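Take a look at the letters that make up each chain.
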Amino acid sequence: MFLNEVHEKRGINPQGSKMAKIAIVGDTTDAFDMQAMRPFAGYGGNALESCLHSAGIIRGECYLTNVAKVKGFEKDYYDDRKGTFTTKGIEAVKQLQEELANVQANVIVACGNMSFAALCGHKYLSKYRGYVFPALHTFNQRKVIPTYHPRNSLRGMYIQKYVISSDLRKAKEESEFPEIRRPERDLIYNPESVLDVVDWCDYYCKQPKVGFDIEVVNYEVSC
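In this report, we go over the structure that sits alongside the text. Computed from a predicted structure; not experimentally measured. (Residues numbered from 1 in each chain as written. Predicted model: local features only at pLDDT ≥ 70, side-chain atom pairs only at ≥ 80, totals over all residues. Heavy atoms only, no water.)

What to know about the overall build of the chain
- Within the chain one finds 8 helices and 9 strands.
- In terms of overall dimensions, the chain has a C-alpha envelope of 80 × 35 × 35 Å along the principal axes.
- The buried share of the chain, taken over its 223 residues, is 40%.
- As presented, the chain carries roughly 13800 Å² of accessible surface, and 53% of it is formed by carbon and sulfur atoms. (Helix = DSSP H or I, 4+ residues; strand = E, 2+ residues; numbered from the N terminus. Buried < 20%, exposed > 50% of the residue type's maximum accessible area, 1.4 Å probe, protein only. Areas by Shrake-Rupley, 256 points an atom, 1.4 Å probe, with all protein chains shown as cover.)

Listed below in structure tokens is the structure:
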């Protein structure tokens, strides 16, 4: 049997220490991954390293793997429209469960629709990316942050690199502890006078972190 045939049967190997604080799970394995025998190789891997660098994370300090370990299309494993796995996909998810059971990461970054569905049972990645989810009970409800797969940022969606970097920065913060900690929020009322507005502006200027909710249409602020 030729060496490449052995690789096609055995699949790629994960990369990184099982003691890493951050685990990154991709979806499918492509030809670049198979040639390098590791996940996130080729152009997609270069995009990931760029996003990791922007987030202040070193690739060598992460545990990296894919849901599917052998080369194939996503549709062979996962129906993106229905959000369901094929028989082949279910087997790949079971193998991922066994694999991650031995990984001590405090947070898992799910890169792509398929990995998000495998770990959390959700679809609509674009709606939920960046949010901290508990994984399915089969993954011991580990802490998961979904984001886009880095290779997608090379297909005309270059703005996704900034989004991925932002999600990875959040993963770095969350990697310091294993449990999910929701921020405490105070109910804020509408100011009734100019003086109230000035008081609130003074209050916000003294806070270490402030969040804004804005409306965007075609990547432009609309209001």
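Some thoughts on a nonpolar patch on the surface
- A cluster of nonpolar side chains, namely Met157, Ile159, Tyr162, Tyr203, Tyr204, Val210, Phe212, Ile214, Val216, Tyr219 and Val221, defines an oily patch on the protein surface of about 1200 Å² accessible area.
- Among the structural elements, Val210 can be located in the loop between helix H8 (194-205) and strand E8 (216-217).
- Among the residues examined, Val210 registers a relative accessible area of 31% and is labelled partly exposed. (Patch = residues over 30% accessible without salt bridge, like charges linked within 9 Å, V, L, I, M, F, W, Y side chains within 5 Å. Salt bridge = Lys/Arg side-chain N within 4 Å of Asp/Glu carboxyl O.)

Section: a positive patch on the surface
- On the surface, Lys170, Arg182, Arg185 and Lys209 cluster together to form a positively charged patch.
- On the secondary structure map, Lys209 appears in the loop between H8 and E8.
- Given the relative accessible area of 68%, Lys209 is considered exposed. (Lys, Arg positive; Asp, Glu negative; His and termini not counted. Charge placed at Lys NZ, Arg CZ, Asp CG, Glu CD.)

Overview of the side chain of Thr147
- Within the secondary structure, Thr147 sits in strand E7 (residues 143-147).
- If we skip the residues at most four places from it in the chain, Thr147 touches Val109, Ala110, Cys111, Gly112, Leu125, Arg129, Val163, Ile164 and Asp167. (Contact = heavy atoms within 4.5 Å.)

A few points about the environment of Ala135
- In this fold, Ala135 is placed in the loop between strand E6 (133-134) and E7.
- For Ala135, a relative accessible area of 3% gives the class buried.
- On a C-alpha basis, the gap between Ala135 and Leu119 in space is 5.4 Å, while along the polypeptide they are 16 residues apart.

Details of the pattern of salt bridges
- This model, assessed by the stated rule, comprises 9 salt bridges.
- For Asp202, the salt bridge goes to Lys206, with nearest N and O atoms at 3.3 Å.
- Salt bridges here are not isolated pairs; linked through shared partners, they connect Asp27, Asp30 and Arg151.

A few points about the sheet that holds strand E1 (residues 22-26)
- The strand order E2-E1-E5-E7-E6 describes an open sheet built from 5 strands, whose pairing is mixed. With partners counted over all chains shown, the strands left at the sheet margins are strand E2 (62-66) and E6, one partner each.
- Pairing of E1 with E2 involves 5 bridges; the strand directions are parallel. Residue pairing in the sheet places Val25 in a bridge with Thr65 of E2.
- Helix-sheet contacts for helix H4 (residues 87-100) involve E1, E2 and strand E5 (107-111), and the interaxial angle to E2 is about 165°.
- Its contacts with the sheet put helix H7 (residues 160-174) on E1, E5 and E7, and the angle it makes with E7 is roughly 170°. (Pairing = 2+ DSSP bridges. Axes fitted to C-alpha atoms, helices over the stretch in contact; angles between N-to-C directions.)

Overview of the nonpolar core
- Ranked by internal contacts, the top residues of the largest apolar core, which has 47 residues, are Ile24, Val67, Leu100, Leu119 and Leu168.
- Of all the secondary structure elements, the ones that give two or more residues to this core are E1, helix H3 (42-55), E2, H4, E5, helix H5 (113-120), E7 and H7.
- If you tally residues by element for this core, the top one is H5, at 6 residues.
- When sequence neighbours within four positions are dropped, the list of residues in contact with Ile24 reads Phe40, Leu48, Leu52, Cys62, Tyr63, Leu64, Thr65, Val109 and Cys111. (Core = buried A, V, L, I, M, F, W, Y, C linked by side-chain atoms within 4.5 Å.)

Describing the pairing of E5
- Where burial is concerned, most of E5 is hidden: 5 out of the 5 residues are buried.
- Side chains Val107, Val109 and Cys111 of E5 all project onto a buried face; the interleaved residues Ile108 and Ala110 project onto the opposite face, where all are buried too.

Notes on the packing of aromatic side chains
- The tally for this structure, following the rule as stated, stands at 8 aromatic pairs.
- For the pair Tyr78 and Phe85, a centre-to-centre distance of 4.9 Å together with 50° between the ring planes defines the contact as tilted.
- Seen in terms of ring centroids, Phe116 and Phe133 are 5.3 Å apart; in terms of plane orientation they differ by 65°. Their pairing is edge-to-face. A residue pair is termed long-range when its members are at least 10 positions apart, and Phe116 in helix H5 and Phe133 in strand E6 qualify at 17 residues. Comparing Phe116 with Phe133, the two get one shared label, buried.
- Aromatic ring contacts, followed pair by pair, group Phe116, Tyr128, Tyr131 and Phe133 into a single cluster.
- The ring of Phe73 is capped by Lys75, whose NZ or CZ atom sits 5.8 Å from the centre of that ring.
- One residue, Arg181, lies across the ring of Phe177, its end atom 3.8 Å from the ring centre. (Phe/Tyr/Trp six-rings, centres within 6.5 Å; stacked < 30°, edge-to-face > 60°. Lys NZ or Arg CZ within 6 Å of the ring centre and 35° of its normal.)

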